[in-house]
Amino acid sequence: MAESDWDSLLAECDEALVRVNSRSSSGCSPDTYSSEGSKSSRNKQKPVLRNGANSKIMLLRLFSASPDSKQSCSITVHVPDGTQSIVSTDSSSSSIWKIAALNKEIESLRAELDRAKSTIANLQDSEQRLKCRLAEQAQKMLERGAKFENVCLGEKRPTALVRQYGSLYAQARVDTLDALDALPPLQNADELKSKILFSVIVLSFRSVQNTLSEIKDQIHSILQVRDVRDNNVALKELETGIENYVRKTAETFNLSKNVNEVCSQIQATLYDYPCLKNCSGLLNYARDCVRLAWFLTNQNPPYVIDYETRTFRKDMHMRFHASNQASNIIKSYLWPTLMEGENGPCVHRGVVLT
């Protein structure tokens, strides 16, 4: 209760006390009333607050002005304390709401977990079925003689290398012919220029094959391998390790010695044409041929070229446009046939003149 309310209540009590005293002592003079009124005002007690568990009790006692008077006025004000109960009720309601929300969230998470487990089980079943189907398909392809490649190798996988071999004839060879045409001594020597380009690819394969053979011989000599035809397990592992290493490092292997060897042989054969030493187009062509030959030679099985066959075969050769279509006798090769291993299938047909 505010202080102004207390003052108003005390004033009303004073007036009531004055009226009571005036009735009980009718013979008193006005001065007596005044004196008693002042004493009554001095004897008024201030409100007393008593705090209980559920309420506050405020007592206001007003005594009469006369000490001998037995009458007194007592006013008791009872103010219920509902704050604590309201706070307690709100806290309890909030706790119940939070518990209900948590239980609901737990149920939702459990349902989501069950759905996830079901999805995982379905995916595992699908994966197992797919593996079985792939295994069956791979077995069928192996029975048919099909081969698999590592697609992670990109342009270094066998099929891509075979395609590069064809591009070397269709594009790089044509560009090199243009470079040779720029040399005055070779402007009208078309047949000689074709033989030069054919010789470069043949010498490139021969050079890298010799290099690979020398590497293996040196390793065998260091490790004291006496008979390479021995079916020793350790020897087989050694051969496999050498092949894997040179195949994986084929792109960075230093082949400058092989390029110089090929160019030197061409220049030594055609010593009448010293202009070939300064032909940058021919040098770049030799580098491309040597690098590609090194890649193809280090495959398993190694790719080889054939230019010894003298009878035209459709599965191994294709005629040059200036050839005699009615003849099956091969006069010369413009581009060698690429074979997968010795006596293996033809992977790129050679270009011949019949």
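One numbering rule holds for all chains: residues counted from 1, following each sequence as written. Reporting of local features is limited, given that this is a predicted model, to residues whose pLDDT is at least 70; pairs of side-chain atoms are given and counted only at 80 or more, and all residues count toward the totals for whole chains, interfaces and linings. Calculation of side-chain values draws on the structure's entire complement of heavy atoms; hydrogens and water are dropped beforehand.

As annotated in an unreviewed UniProt entry, the protein chain is Mitochondria-eating protein from Larinioides sclopetarius. In UniProt, the protein chain has this text filed under Sequence similarities (unreviewed entry): "Belongs to the MIEAP family." UniProt positions are given in the numbering used here, feature names are shortened, and annotations may be inferred rather than shown by experiment.

Q: Please provide a residue-by-residue account of helix 8 (residues 280-297), values included.
A: The end-to-end C-alpha distance of helix 8 is 26 Å, a good match for the 26 Å that 18 residues give at a rise of 1.5 Å each. Looking at helix 8, one finds that the buried residues are G281, L282, Y285, A286, C289, V290, L292, A293, W294, F295, L296 and T297. Here a strand is any run of E in DSSP of at least two residues, a helix any run of H or I of at least four, and the numbering for each starts at the N terminus. For a helix, the expected span equals 1.5 Å multiplied by the residue count minus one. Under the scheme applied here, a residue whose accessible area is under 20% of the maximum for its type counts as buried, over 50% as exposed, and between as partly exposed, the area being computed with a 1.4 Å probe on protein chains only.

Q: For the sheet that holds strand 9 (residues 350-353), give the residues involved together with the corresponding values.
A: Either a parallel or an antiparallel arrangement is found when strands of a sheet pair, and the pairing is made through backbone hydrogen bonds. The mixed open sheet is built from 3 strands, whose spatial order is 5-9-6. Because the sheet does not close on itself, it has two edges, and the strands there are strand 5 (317-319) and strand 6 (332-335). Between one strand and the next, the sheet's axes are offset by a mean angle of 40°, whatever the strand orientation. Bridge analysis of strand 6 against strand 9 gives 3 bridges, and the strand direction is antiparallel. Paired with W335 across the bridge in strand 9 is V351. Running at roughly 90° to strand 6, helix 4 (residues 158-181) makes contact with strand 6 and strand 9 of the sheet. In this scheme, strands are said to pair when DSSP sees at least two bridges between them. Every angle, taken between N-to-C directions, lies between 0 and 180 degrees, and every axis is a line fitted to C-alpha atoms, over only the stretch in contact when it is a helix. Contacts are assigned to residue pairs with any non-hydrogen atoms lying within 4.5 Å of each other.

Q: Mind laying out the sheet that holds strand 8 (residues 346-348), listing which residues take part and the relevant values?
A: One open sheet holds the 3 strands; their spatial order is 4-7-8, and the pairing between them is antiparallel. In the strand order of this sheet, the two ends are held by strand 4 (303-306) and strand 8, each with one partner. Here the average twist between neighbouring strands, direction ignored, is 40°. For strand 4 and strand 7 (residues 337-340), the ladder comprises 4 bridges, and the chain directions are antiparallel. Of the residues in strand 7, the one forming a bridge with D306 is T337. Along the sheet, helix 4 contacts strand 4, strand 7 and strand 8; its crossing angle with strand 8, the most-contacted strand, is approximately 55°.

Q: An account of the packing of aromatic side chains is requested, with residue identities and associated values reported.
A: How two aromatic rings sit relative to each other is set out by the distance from centre to centre and by the angle between their planes. Whether two aromatic rings pair depends on their centres lying within 6.5 Å, for rings of Phe, Tyr and Trp, where Trp uses its six-membered ring; planes under 30 degrees apart make the pair stacked, over 60 edge-to-face, and the rest tilted. Tallying each qualifying case throughout the model produces 5 aromatic pairs. Taking the centre distance of 5.4 Å and the plane angle of 45° together, the rings of Y169 and W335 count as tilted. On the criterion of sequence distance, the pair formed by Y169 in helix 4 and W335 in strand 6 is long-range, its members being 166 residues apart. For the residue pair Y169 and W335, the accessibility class agrees, reading buried in each case.

Q: Quick one: what's the story with the nonpolar core, residue by residue and with numbers?
A: Counting 52 residues, the largest nonpolar core has Y165 and L276 as the members making the most contacts within it. Broken down by secondary-structure element, the contributors of at least two residues to this core are helix 4, helix 5 (190-222), helix 7 (256-269), helix 8, strand 4, strand 6 and strand 9. Those residues in contact with Y165 that sit more than four places away from it in its chain are I201, F205, L292, L296, I305, W335, P336, T337, L338 and H348. Among buried residues, those of type Ala, Val, Leu, Ile, Met, Phe, Trp, Tyr and Cys that are joined through side-chain atoms within 4.5 Å constitute a nonpolar core.

Q: Any chance you could break down the pattern of salt bridges for me, citing the residues and the numbers?
A: A carboxyl oxygen of Asp or Glu within 4 Å of a side-chain nitrogen of Lys or Arg is what we treat as a salt bridge. According to the stated counting rule, one finds 6 salt bridges in the structure shown. A salt bridge links D190 to K193, with the shortest nitrogen-to-oxygen separation between them at 3.3 Å. One end of the pair, D190, and the other, K193, are both in helix 5, 3 residues apart, so they sit about a helical turn from each other. Judged by its relative accessible area of 2%, K193 is buried. Look at the salt bridges and you will find they share partners, linking D181, D190 and K193 into a network.

Q: Account for the layout of surface pockets, naming residues and giving values.
A: Only protein atoms enter the 1 Å grid used here, on which a cavity is any set of points holding a 1.4 Å probe that cannot leave and a pocket is any open set flanked by protein within 12 Å on both sides along at least five of seven lines; residues with an atom within 4 Å of a point are listed as lining. Grid points are joined across faces, edges and corners, and a volume is the space filled by probe spheres set on the points. Considered as a void within the structure, the second largest pocket measures approximately 340 Å³ in volume. Lining the second largest pocket we find 14 residues, and of these R173, D190, E191, S194 and L334 sit closest to its centre. At the level of secondary structure, the elements contributing two or more residues to the lining of the second largest pocket comprise helix 4, helix 5 and strand 6. With 6 residues, the top contributor of residues to the lining of the second largest pocket is helix 5.

Q: Break down helix 6 (residues 233-248) for me, citing the residues and quoting the values.
A: Each α-helix turn comprises 3.6 residues. Residues three or four places apart therefore point the same way. With 16 residues, helix 6 ought to run about 22 Å at 1.5 Å a step, and its terminal C-alpha atoms sit 23 Å apart, in line with that. Contact partners of the buried residues in helix 6: helix 5 and helix 8.

Q: So what about the packing of helix 7 against helix 8? Which residues, and what values?
A: Here helix 7 crosses helix 8 at 125°, and the two axes come no closer than 9 Å. In terms of orientation, helix 7 and helix 8 fall into the oblique class. By crossing handedness, the relation of helix 7 to helix 8 is classed as right-handed. Of the residues in helix 8, those in contact with N258, V259, V262 and C263 of helix 7 are L283, A286, R287 and V290. Amino acids are sorted into nonpolar (Ala, Val, Leu, Ile, Met, Phe, Trp, Tyr, Cys and Pro), charged (Asp, Glu, Lys and Arg) and polar (every other residue, Gly among them). Taken together, the residues of the contact of helix 7 with helix 8 break down into 6 nonpolar, 1 polar and 1 charged. Note that the term roughly parallel is reserved for angles under 35 degrees, roughly antiparallel for angles over 145, roughly perpendicular for angles of 65 to 115, and oblique for everything else. Crossings are classed by handedness, with left-handed meaning an anticlockwise turn of the near helix from the far one by less than a right angle and right-handed meaning a clockwise turn.

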